[in-house]
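Take a look at the letters that make up each chain.
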Amino acid sequence: MALLNFKRKTAPADQGSNAEIEAFLSGYSIEVMPRTASKIDDFRAYLPKGTRVYIAHIEGTPIEDMVANAARITQQGYDVMPHFPARIIKDAATLGDWIARYQGEAGIEQALLLAGGVATPHGDFDSSMQLMETGLFDKAGFKRLHVAGHPEGNKDIDPNGGEQNVMDALRWKQSFSERTDAQMALATQFAFEAKPIIAWADAIKDAGIDIPIHIGIAGPAKLQTLIKFAIACGVGPSLKVLQKRAMDVTKLLLPYEPTEVLSELAAHKAANPDFNITNVHFFPLGGIKTNANWAIENGGASGRPANAS
């Protein structure tokens, strides 16, 4: 099929080599929404076997639809990680029901816990920490719990633009990881510039946070689409990278690709093997197929989808 005919790109001399980028993409994950996931008949045509697929829980999506998508993607050979947005979960009984459904109907034993995008909680929970404190994930035998990370801060948590509350939350999650058996990681919001990402990762490591980081990266998309999502998601300093590109008429109509930011991060990882960013987590803002094809072209899982012969 056409996916297998892609040629690897040659990296510029001042960025990560092809081998470095391929190594950095090893074990990458991708985030999908129920509506877009339902349009992919078979993920094996695009993703390497065993890829972790996060399923975003958009407010108003019935839990039945979420579980059905999780079961289908799991059956195709993928490690599915559904979102549990605290602020749209009514109470502990609802949380327990979701966990039981995912586990019983889809064999799920991992979850991304986050506050969620709604301003006013629908029930008893306001944060991912409150979800963890219920003990329900541990009781159900969930083996892996990821939580959100914010390389450019989070004004929802720190309205004044500081980072005190975010750091306090990270310290609590670090403590949780040390007193439980849960395998944890920080799955971050996407950003577009490598240097601030590296500075943030180094800063939290210096603060004693050693939870592995799965860095959020926006997949290939139209520039206008990325700017819209970046503003909506509160992406801060690195938004200027997109705005600068938008001012260049020669680049305005060209699709954005994450080559530059990933090349710089890959080169840094190669030079600093103990760097705490361990994985790439893609947000396919330009479409699942487009993002998957880009990953294949750039050596993700050695450039082969699961059904490649």
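Residues numbered from 1 in each chain as written. Predicted model: local features only at pLDDT ≥ 70, side-chain atom pairs only at ≥ 80, totals over all residues. Heavy atoms only, no water.

(A) Quick look at the nonpolar core. Core analysis: the largest hydrophobic core is formed by 82 residues, its most contacted members being F84, F137 and F282. Ignoring anything within four residues of it in the chain, the contact list for F282 reads L25, Y28, S29, I30, E31, I217, G219, P258, L262, N291, W294 and A295. (Core = buried A, V, L, I, M, F, W, Y, C linked by side-chain atoms within 4.5 Å. Buried < 20%, exposed > 50% of the residue type's maximum accessible area, 1.4 Å probe, protein only. Contact = heavy atoms within 4.5 Å.)

(B) Expanded view of the sheet that holds strand 4 (residues 110–114). Here eight strands make up a closed barrel; going around it, the order is 1-2-3-4-5-6-7-8 and the pairing parallel. Averaged over all pairs of adjacent strands, the angle between strand axes in this sheet comes to 30 degrees, irrespective of strand direction. The sheet contact formed by strand 4 and strand 5 (residues 144–149) spans four bridges and is parallel. Note on strand 5: the bridge partner recorded for L112 is H146. Sitting on the sheet, helix 8 (residues 194–206) touches strand 5, strand 6 (183–190), strand 7 (213–218) and strand 8 (277–283), and the angle it makes with strand 7 is about 160 degrees. (Pairing = 2+ DSSP bridges. Helix = DSSP H or I, 4+ residues; strand = E, 2+ residues; numbered from the N terminus. Axes fitted to C-alpha atoms, helices over the stretch in contact; angles between N-to-C directions.)

(C) A look at the pattern of salt bridges. Within the structure shown, the criterion is met by eight salt bridges. R101 is paired through a salt bridge with E64; the nearest N and O atoms lie 3.6 Å apart. Taken together, the residues span a long stretch of sequence, with R101 in helix 4 (residues 92–106) and E64 in helix 3 (residues 63–75) at a distance of 37 residues. Taking relative accessible area as the criterion, E64 reaches 44% and is therefore assigned partly exposed. In this structure, K143 engages E109 in a salt bridge whose closest nitrogen and oxygen atoms are separated by 2.9 Å. Residue K143 is located in the loop between helix 6 (136–139) and strand 5, and its partner E109 is located in the loop between helix 4 and strand 4; the two are separated by 34 residues in the primary sequence. Residue classification places E109 among the partly exposed residues on the basis of a relative accessible area of 33%. (Salt bridge = Lys/Arg side-chain N within 4 Å of Asp/Glu carboxyl O.)

(D) Representation of the packing of helix 8 against helix 12 (residues 259–271). With their axes 9 Å apart at the nearest point, helix 8 and helix 12 run at an angle of 40 degrees to one another. On the basis of their axis angle, the class for helix 8 and helix 12 is oblique. Here helix 8 runs over helix 12; the crossing is right-handed. In this structure, helix 8 uses A194, K195, I197 and I198 to contact helix 12, whose residues at the interface are V261, E264, L265 and H268. Split by residue class, the contact of helix 8 with helix 12 holds five nonpolar, one polar and two charged. (Parallel < 35°, antiparallel > 145°, perpendicular 65-115°, else oblique. Left-handed = near helix turned anticlockwise from the far one by under 90°. Nonpolar A, V, L, I, M, F, W, Y, C, P; charged D, E, K, R; others polar.)

(E) Structural detail: the packing of aromatic side chains. Scanning the entire structure with this criterion turns up 11 aromatic pairs. Taken together, a centroid distance of 5.1 Å and an interplanar angle of 85 degrees make the contact between F84 and F137 edge-to-face. One end of the pair, F84, is in strand 3 (residues 79–85); the other, F137, is in helix 6, with 53 residues separating them in the sequence. Residue F84 is classed as buried on the basis of its relative accessible area, which comes to 0%. The interplanar angle of 65 degrees and the centroid separation of 5.5 Å between the aromatic rings of F190 and F283 together place this pair among those described as edge-to-face. One end of the pair, F190, is in strand 6; the other, F283, is in strand 8, and 93 residues separate them in sequence. Across the pair, F283 and F190 agree in class, each one buried. (Phe/Tyr/Trp six-rings, centres within 6.5 Å; stacked < 30°, edge-to-face > 60°.)

(F) Local environment of the pairing of strand 5. When you tally the buried positions in strand 5, you get five out of six residues, the bulk of the element. One ladder, built from six bridges, connects strand 5 with strand 6; its direction is parallel. What sits directly across from L145, in strand 6, is M184.

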